[in-house]
Amino acid sequence: MKIGFIGAGKMAQALVRGMLASGRFSPECLIASSPKRDEPLLNDMKKLGIQTTNDNVEVTHKSDVIFLAVKPPLVRTVAAEVAPSLSKDKLVVSIALGITIRSIESLLPTKARVVRVMPNTPAVVRAGASAYSIGSACHEGDSDIVYDILSTVGYAVEVPESLVDPVTGLSGSGPSYMFCAIEALSDGGVKMGLPRALALKLAAHTLLGAAKMVLETGQHPAALKDDVQSPSGSSIYAMHHLEKSAFRGILIDAVEAACNRSKDTGDTAKQSENLRYHITDISFQHGYRTAPSQPVDEANPDGKY
Ligand SMILES: NC(=O)C1=CN([C@@H]2O[C@H](COP(=O)(O)OP(=O)(O)OC[C@H]3O[C@@H](n4cnc5c(N)ncnc54)[C@H](O)[C@@H]3O)[C@@H](O)[C@H]2O)C=CC1
Ligand SMILES: O=C(O)[C@@H]1CCC=N1
């Protein structure tokens, strides 16, 4: 099975590196594309031994599974560009924030097999967490194909599409909150006299250890927390400060904000797409519904939103 990545940025690279590290995929199985202006990203991929190209259509031609790994506003542009080269034996996997399966399907040939995934960057060290949802035209076995790929880079689970935005708020964006927590814990250690490098190691191992205990003991995190907090000991004093600062509430708010941002991104992309692809621009060729590929917006080539 050949797997292609349209987009060679941070998330595509995390997936590719994790997949190669798993030993389940050889570099010859993988191909990635990116525009010429982003050659350094493709060079990073090339150094991993995988094939690279500036031509997205080449990726679809050469791949059985095609990951759309571009920024959300570019997904439809890219989907429309590759639509004529898609056949029923190809599986399209979007990892884009907010973009629904239905909106991608609407730009691809009828009955196109589309999967939406929300991965996260710890895939690079094979400790990722990915949730995915299967489109209505997917074949039996497509869920297994996606699971087999994603499980080489960490935990993978199929969910209904309505849960992909909440997943984004938690595990998609979550590594960024946890990196911040590691940095802040290290700062605390440094403030109290630890050398920076030691503080960073202790902070990272503390999160890793806590996460492993939750996963491996099956105990409720509240019970594990209680085991750390001795009566009148150091931990309950610290916890009191965290509770006064609404530690839990802030994390809940963060997940909610990222989830809503995911929903809004899908909605915004849909609105702008409605404006850009007027129905008369859509032509039918060889049974495929195609739209003209969009010129790169020179002021915003990366599709920032
Ligand atoms: N970074 C993260 O932690 C996560 C990102 N995602 C999603 O993954 C997607 C990519 O995000 P990142 O990798 O962070 O962004 P990035 O900016 O690092 O990478 C985007 C890639 O798209 C390429 N690109 C731009 N225009 C293109 C075109 N017309 N054709 C082909 N490639 C093109 C760029 O050259 C670059 O390689 C986004 O939709 C994002 O929502 C999902 C989960 C986590
Ligand atoms: O922040 C973002 O937009 C992407 C999607 C989830 C994680 N990173």
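This structure is a prediction, so every number in the text was calculated from the model and none was measured. (Residues numbered from 1 in each chain as written. Chains lettered and ligands numbered in written order. Predicted model: local features only at pLDDT ≥ 70, side-chain atom pairs only at ≥ 80, totals over all residues.)

Draft legend 1. Layout of unusual backbone geometry. Not every positive phi belongs to a glycine, and Ser232 is a case in point at roughly 60°. Position of Ser232 relative to the elements: it lies in the loop between helix 10 (221-228) and helix 11 (234-244). The backbone of Ala246 sits at a positive phi, close to 60°, despite the residue not being glycine. (Helix = DSSP H or I, 4+ residues; strand = E, 2+ residues; numbered from the N terminus.)

Draft legend 2. Representation of the pairing of strand 5 (residues 91-94) in the model. Residues Leu91 and Val93 of strand 5 are buried on one face, and the alternating residues Val92 and Ser94, pointing to the opposite face, are buried as well. Here four bridges tie strand 4 (residues 65-68) to strand 5, and the two strands are oriented parallel to one another. Paired with Val65 across the bridge in strand 5 is Leu91. Handedness of the strand 4-helix 4 (residues 72-82)-strand 5 crossover: right-handed. Relative to strand 6 (residues 113-118), strand 5 runs parallel, the two being bridged by four bridges. Bridge assignment links Val92 to a residue of strand 6, and that residue is Val114. (Buried ≥ 20, exposed ≤ 12 C-beta atoms within 10 Å, placed from the backbone. Pairing = 2+ DSSP bridges. Right-handed = clockwise from strand over helix to strand, strands pointing away.)

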